[in-house]
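Geometric and topological summary
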Amino acid sequence: MSADPFGTPERPRLTRHDALAAAGYAGAVVLLAATGASNSGFVGGALRWPTWVSVVMLLIACVSLLWRRSRPGITLLVAGPLAIAEIVVGGQISAYLLLFEAIFDPVLHGTKRLAHLTTALAIGLGVVSVLAALVLGAPGPIVLVVLLVAALVLSTPLLWGWEVRHHRDARLGAESLADLEHELAAARATQAVETERLTIAHDLHDVIAGHLSAVSLHTNLAASLEQPEARDRSLVTARESAHAALRDLRSMIGVLSTAESGTQPTVTLDWPSLTTRLRGRDPQARVQIDPAVTDPSRVEPSVQAALLRIAAEASTNAVRHGLAPISLRIDVGADEVTLELRNRRAERSVPGTGVGRGALSYRATAVGGSATSGPGPGAEADVWRVFAQLPARPLKAPKAPKAPDASDASDASDASDASDASDNLEQTTDLHVRSTSAAPSTSLPASSPTAQEATP
């Protein structure tokens, strides 16, 4: 039998157990009456009714016990008065057993209102019995007997019933709390899996998608170049980007295959590679990166990682759908780090759905910062600007917004293939002119310092 959070039990159906209990009490009534186990009652004398009357009354009381759990109020209203009448007038011993059930069942199985009502009636009955004996001038021994009967017959089922009820409610409450805890644990586990899935999806998008974008860009460029040297450089860059994407993918698969927790994938994403990616799109790109951005004493590693992911997302968008000139600036202040990436918007670029912009904001908010992206105001409407402001030390960030779906791509990545092909055709002509005039700047040596700035 279960109960609600307020301790009100549900009403069980009539069961075989209830029928057996009622039959057992009926057998006890008949057996005790047959053996003559009775007293003279409290009135005695000529007012005492015959034994058969007592048996009939008590059998009717036994019938009410069929509803002792499902409708304990019936037991109280039927068995209670009949048992009291028999105790006062008839004197059958079995009446005390039925009075016990008439008080015990409503307290244990009834609602709280019925339990409190039964308690009040039992206490009132005991007080009235003692006062009646005193008012009627009963001898001292009779008053003492009335007091003992009232104390034992009435208080015992009350105390016992409330004790059992409290233990039952405590058990049900503990079971309810345990069920809630299991549900919360399952919800936490599901949330952890979802968060891990989104994290992996973001890493794949931020790192590998950038490499594949470079592959697409340089292979398209190589197809349009006439000079063998420039074409070879473009193909080499595409091959290196493809190899980097494969290395990052294998690293992530290795992390997912290991049972060790807390393992992070080793990726080829860093500031020099982002600089190379941008200058592969615009050889004259202005890249200014404060060397302090990689200093753990100045910028917390978690902030460094978030800033690098934001820069990778912005760079991928600029490479795939932006036009020259492109500029990237990273500044490290006393308490915050700022990132600003600007590029000219492609004239035929189709507006995206904005989910990539949501990913930028999500990564910044995760460390207590903010990130915005969009076209510039007024005369700079043809310029796409990404601006991020992060604390050098992670703050206690507000509740992060709902992470974008794992299939989210960057904002510009939602453009149609036809528009991309048209953009690439125009951009290829522009790159061909720049690559022939500034070919040595299309790659960044691995030994170059973190701080980068191209020649104006």
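Refer to the structure above for everything that follows.
A brief report on the enclosed structure follows. Position numbers for residues count from 1 along each chain, tracking the sequence in the order it is written. Confidence filtering applies because this is a predicted model: local features only for residues at pLDDT of at least 70, side-chain atom pairs given and counted only at 80 or more, and all residues used for totals across whole chains, interfaces and linings. Think of the side-chain values as coming from all heavy atoms in the structure, minus any hydrogens and water.

**Thoughts on the packing of aromatic side chains**
Rules: Geometry of aromatic contacts follows a simple scheme: Phe, Tyr and Trp rings, the Trp one being its six-membered ring, pair when their centres are within 6.5 Å, and the pair is stacked under 30 degrees between planes, edge-to-face over 60, tilted otherwise. Helix and strand assignments follow DSSP, with helices taken as H or I runs no shorter than four residues and strands as E runs no shorter than two, numbered in order from the N terminus. Buried residues are those whose accessible area, probed at 1.4 Å on protein chains only, stays under 20% of the maximum for their type, while exposed residues exceed 50% and partly exposed ones sit between those limits.
Per the stated rule, a full pass over the model turns up 3 aromatic pairs. Ring geometry for phenylalanine 100 and tryptophan 160: centres 5.8 Å apart, planes at 65 degrees, overall edge-to-face. Of the two residues, phenylalanine 100 sits in helix 4 (residues 94-109) while tryptophan 160 sits in helix 6 (residues 140-224), which places them 60 residues apart along the sequence. Residue classification places tryptophan 160 among the partly exposed positions, given a relative accessible area of 49%. An aromatic cluster of three or more residues is present, and its members are Phe100, Phe104 and Trp160.

**Regarding the nonpolar core**
Put simply, the test is: The definition of a nonpolar core used throughout is a set of buried Ala, Val, Leu, Ile, Met, Phe, Trp, Tyr and Cys residues joined through side-chain atoms within 4.5 Å.
Membership of the largest hydrophobic core comes to 36 residues, with the highest contact counts inside it found for Trp271, Leu278, Leu307, Ile330, Leu339 and Leu390. Counting residues per element, the ones that place at least two in this core are helix 8 (271-281), strand 1 (286-289), helix 9 (301-321), strand 2 (322-332), strand 3 (336-345), helix 10 (355-366) and strand 5 (383-391). Broken down by element, the residue count for this core peaks at 10 residues, all from helix 9.

**Points about the pattern of salt bridges**
Operational definition: Here, a salt bridge means any side-chain nitrogen of Lys or Arg that lies within 4 Å of a carboxyl oxygen of Asp or Glu.
Applying the stated criterion to the full structure yields 13 salt bridges. For glutamate 101, the salt bridge is made with arginine 68, and the minimal N-O distance between the two is 4.0 Å. With glutamate 101 in helix 4 and arginine 68 in the loop between helix 2 (51-63) and helix 3 (72-90), the pair connects residues that are 33 residues apart, well separated along the chain. With a relative accessible area of 11%, arginine 68 lands in the buried category.

**Remarks on the sheet that holds strand 4 (residues 370-375)**
Note the following rule: For two strands to be treated as a pair, DSSP must find no fewer than two bridges joining them. Axes here mean lines fitted to C-alpha atoms, for a helix over just the part in contact, with angles spanning 0 to 180 degrees between N-to-C directions. Whether two residues are in contact is decided by their heavy atoms: any pair within 4.5 Å suffices.
The sheet built from 5 strands is open, its strands ordered 1-2-3-5-4 with mixed pairing. Edge positions in the sheet fall to strand 1 and strand 4, since each has one partner strand and no second. Strand-to-strand twist across the sheet, computed as the mean angle between neighbouring axes with direction ignored, equals 10 degrees. Bridging between strand 3 and strand 5 involves 9 bridges; their strand directions are antiparallel. Among the inter-strand pairings, asparagine 343 is bridged to a residue of strand 5, identified as tryptophan 384. Each of strand 1, strand 2 and strand 3 touches helix 8; the most contacted strand, strand 2, lies at about 155 degrees to it.

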